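# Observations on chain architecture
The primary structure of each chain is shown beneath.
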Amino acid sequence: MIGSHPHLSSAVYVGNGRSQPAAILEVADGELSKLNADQVIDAVWPLIEEVNSLSPSHGQLHKSHLIIADSSKRFLRTAKCTLRRRETAQLFESEMREVFEAPARTPNYGIHIDVALSDELQSFVRMVYQKATGCESLKLDEDIFLVGADSLNIQDAISDLKAAVFSPQICIDTSWINQKAVYANPTTLTMTRFLGSLGRPQVPAAPEQLAERQQFLQKVYEQFRQQFPGGLRIGIGETSAPTTVLLTGSTGNLGSYLLDALLRRSDINTVICLNRSKNAAERQMMSAAEKGLCMDFNRDRIIFMHADLSQPQFGLEQHDYEYILSRTTVIIHNQWPVNFNLPLSSFEPQLQGVVNLVKFAGEGVCSPRVFFVSSIAAVNNWRRQIHLDSPTYDIPERHFTDLLLASGGYGQSKAIAADLLYYASSQCGLRGAIVRLGQVAGASKCGGGVWNTNEWFPSLISTSQTMGVLPEMLPLLNEIDWIPVDSAAQVFVELALDSYTPSSTADPRQRNMALFNVANPNTIPWGNLIPAVQDSAQDGLKTVSFPEWLAMLESSMPVQSEKAFVTLPALKLLDFFRGLQEGEHEGAKQTLLQTEVTVRSSLCLAKMGAITKKMMTAWLERWKA
Ligand SMILES: NC(=O)c1ccc[n+]([C@@H]2O[C@H](COP(=O)([O-])OP(=O)(O)OC[C@H]3O[C@@H](n4cnc5c(N)ncnc54)[C@H](OP(=O)(O)O)[C@@H]3O)[C@@H](O)[C@H]2O)c1
């Protein structure tokens, strides 16, 4: 389509396997004598924007990724004038390398903003954030990640902000303007405030005081708790009703396996899948085929609905909402953004969703039970907080009201959600369980899907393969207690459908709302899995200490480029890996989830063996494929 522009005779997309494509543009005969390369790009840009609007963000062309072919270098064609794309791309190898390996682009605003001038700074930040989101009407308090910004867009935003801000009083250390800062300040208002603080002659972002943080988390919890309608009572419901499960986020990784585990059970009448995407049914079918899961999507047994849980009645049509109210007996709430960089404010729609689910359970004819997929991140600070009432360092199978145990916005959101459910349980009679999940790994069976390559472990492996060295120890994570994704789903379904019995504990908050820790009860040291990783590497992999591995990774920082993120994906998680080393340095130890109670409630967990070299080999092969 781009090649059809009157100034061009052809265009070739390149960049297979890269996080972002580029295009080589062949200018029509004679045009380059009238226009220079920039003018050609400006002329073609409106058409490219049109094409971009139809493409996913990772497939969109940026101006920096357009290559204008020199008039002396024409595209290669067959005798019948058909374009030889591959050979043409090879011909432009050096131009492509320049584009893909260029360090993060330098901005072209030529603007310098004194960070003390808050109005000007705010307008500039808004412009940069509008560009990152493509959202012209971006409001000052609007979260850029909620309107579509991704990690690629924010790289440009970081460069633009870094290049523009200055202070006449002090020399600003622009290294503070990084990915973490954007994730922590996702609105124009918060980023303006943050940049303003860099101009003041004191250390920016002083560490939060624990008491202040606790107060803040409590305030967010209260904001949502107060929304439970007064007098809300959730009864026992219609116990003889056929089992109808409402599953949220079925299109995700765990969600696909949860759906599979549910569909394989004959005692389930219907599964209603609530997803944010409109084409969930098609996506689900494709993902089931890829993962080798049940594809019997019989319309009588499985129903897909496009829903937004944060909206009243989940944004559904009245008749759909009434239908699910009349049928649902069990809710499995799995949908959640899995992003450790986002601040708590980005999870507000999810907390609203939890409130709406509780209201739904209250209105439901069958008073459905709610099973919530929580995370170890909700209690990650267990060791640091040192709970003196516990004789063990491992995390007990009980609910904690201390929100400071949670780490990061993601963990805090899961902890607040669990607190809201406990409140609804003690005050309104809600029944169900919080399932605190540890690290989920790839599938245990051969032929399963690919373990998401964006996660920390696949990123560590791929980066190690590029660097030729593998860490011999994993600080704070060395004891592998991962649970394969298919087993995690099976355990979850057993907990929700087979063994659910309200706990007999004296704590009224925990009587109707059980808590399960789900992690592999049989662990294996990382060192035992290293040979499987080494065997799969063509040129062998030497082991080095973790600090050495990290130092090698950090030394590639100055040449951070498009290509570096592809070949060294651990760079995107640098803060996470640094945190592991710092934690160990400060004397922290690995925290495992206790599983004794859960093992008694799930046959699958009781029979589960440790992660094996065979599984590791299978995951490595799938990453290569
Ligand atoms: N992976 C782990 O190791 C792990 C560990 C502990 C707990 N968990 C929990 O397990 C659950 C599933 O995680 P996963 O690993 O399967 O992640 P995933 O593959 O990213 O799936 C997440 C699901 O939530 C949906 N989702 C994401 N952001 C959303 C948003 N802003 N609004 C509405 N829906 C949204 C996704 O929809 P799309 O399909 O449309 O993207 C997808 O269906 C999550 O609750 C997660 O917190 C995971």
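Scroll up to find the structure this text is about.
What you see is a predicted model; the values in this text were computed from it and never measured.

### Brief notes about helix 11 (residues 280-291)
With 12 residues, helix 11 extends 16 Å from end C-alpha to end C-alpha; this agrees with the ideal 16 Å at 1.5 Å per step. The complete set of buried residues in helix 11 reads A280, Q284, S287, A288 and K291. Buried residues along helix 11 cover an arc of 105° about the axis, so they all sit on one side. Residues M286 and E290 are exposed on helix 11 and point more than 90 degrees away from its buried face. Here the buried face of helix 11 lies against helix 10 (253-263), strand 7 (268-275) and strand 8 (302-306). Trailing helix 11 by a residue or two, G292 shows a phi angle of about 70°, which is positive.

### As for the sheet that holds strand 1 (residues 8-14)
In space, the three strands of this open sheet follow the order 1-2-3, with mixed pairing throughout. The open sheet has two free edges, formed respectively by strand 1 and strand 3 (66-68), since each of these has just one partner strand. In this sheet, adjacent strand axes meet at a mean angle of 20° when their direction is disregarded. The pairing of strand 1 with strand 2 (residues 22-27) spans six bridges and is classified as antiparallel. Note on strand 2: the bridge partner recorded for Y13 is A23.

### So, the environment of P471
Here P471 is to be found in strand 13 (residues 469-471). A C-alpha to C-alpha distance of 9.6 Å links P471 and W526, two positions 55 residues apart in sequence. Setting aside its immediate chain neighbours within four residues, P471 contacts L460, S464, W526, I530, V544, F546 and W549.

### A look at the packing of helix 5 (residues 118-133) against helix 8 (residues 188-198)
It is at 9 Å that the axes of helix 5 and helix 8 come closest, and there the two elements cross at 130°. One way to sum up the angle between helix 5 and helix 8 is to call them oblique. In the crossing of helix 5 with helix 8, the sense of the turn from one axis to the other is right-handed. Across from S118, L121, Q122, V125, R126 and Y129 in helix 5, the residues of helix 8 making contact are T188, L189, M191, T192, L195 and G196. The class makeup of the residues in the contact of helix 5 with helix 8 is six nonpolar, five polar and one charged.

### Quick word on helix 4 (residues 93-100)
What helix 4 keeps buried is the set M96, V99 and F100. Down the axis of helix 4, the sector holding all buried residues measures 90°, keeping them to one side.

### Overview of the pattern of salt bridges
Applying the stated rule across the entire model yields 11 salt bridges. Note that R265 and D267 form a salt bridge whose closest N and O atoms lie 2.8 Å from each other. A relative accessible area of 15% means that R265 is categorised as buried. The class for D267 is partly exposed, based on a relative accessible area of 42%.

Scoring rules and cut-offs
- Residues numbered from 1 in each chain as written.
- Predicted model: local features only at pLDDT ≥ 70, side-chain atom pairs only at ≥ 80, totals over all residues.
- Heavy atoms only, no water.
- Helix = DSSP H or I, 4+ residues; strand = E, 2+ residues; numbered from the N terminus.
- Expected span 1.5 Å × (residues − 1).
- Buried < 20%, exposed > 50% of the residue type's maximum accessible area, 1.4 Å probe, protein only.
- Arc of directions from axis to C-beta.
- Contact = heavy atoms within 4.5 Å.
- Pairing = 2+ DSSP bridges.
- Axes fitted to C-alpha atoms, helices over the stretch in contact; angles between N-to-C directions.
- Parallel < 35°, antiparallel > 145°, perpendicular 65-115°, else oblique.
- Left-handed = near helix turned anticlockwise from the far one by under 90°.
- Nonpolar A, V, L, I, M, F, W, Y, C, P; charged D, E, K, R; others polar.
- Salt bridge = Lys/Arg side-chain N within 4 Å of Asp/Glu carboxyl O.

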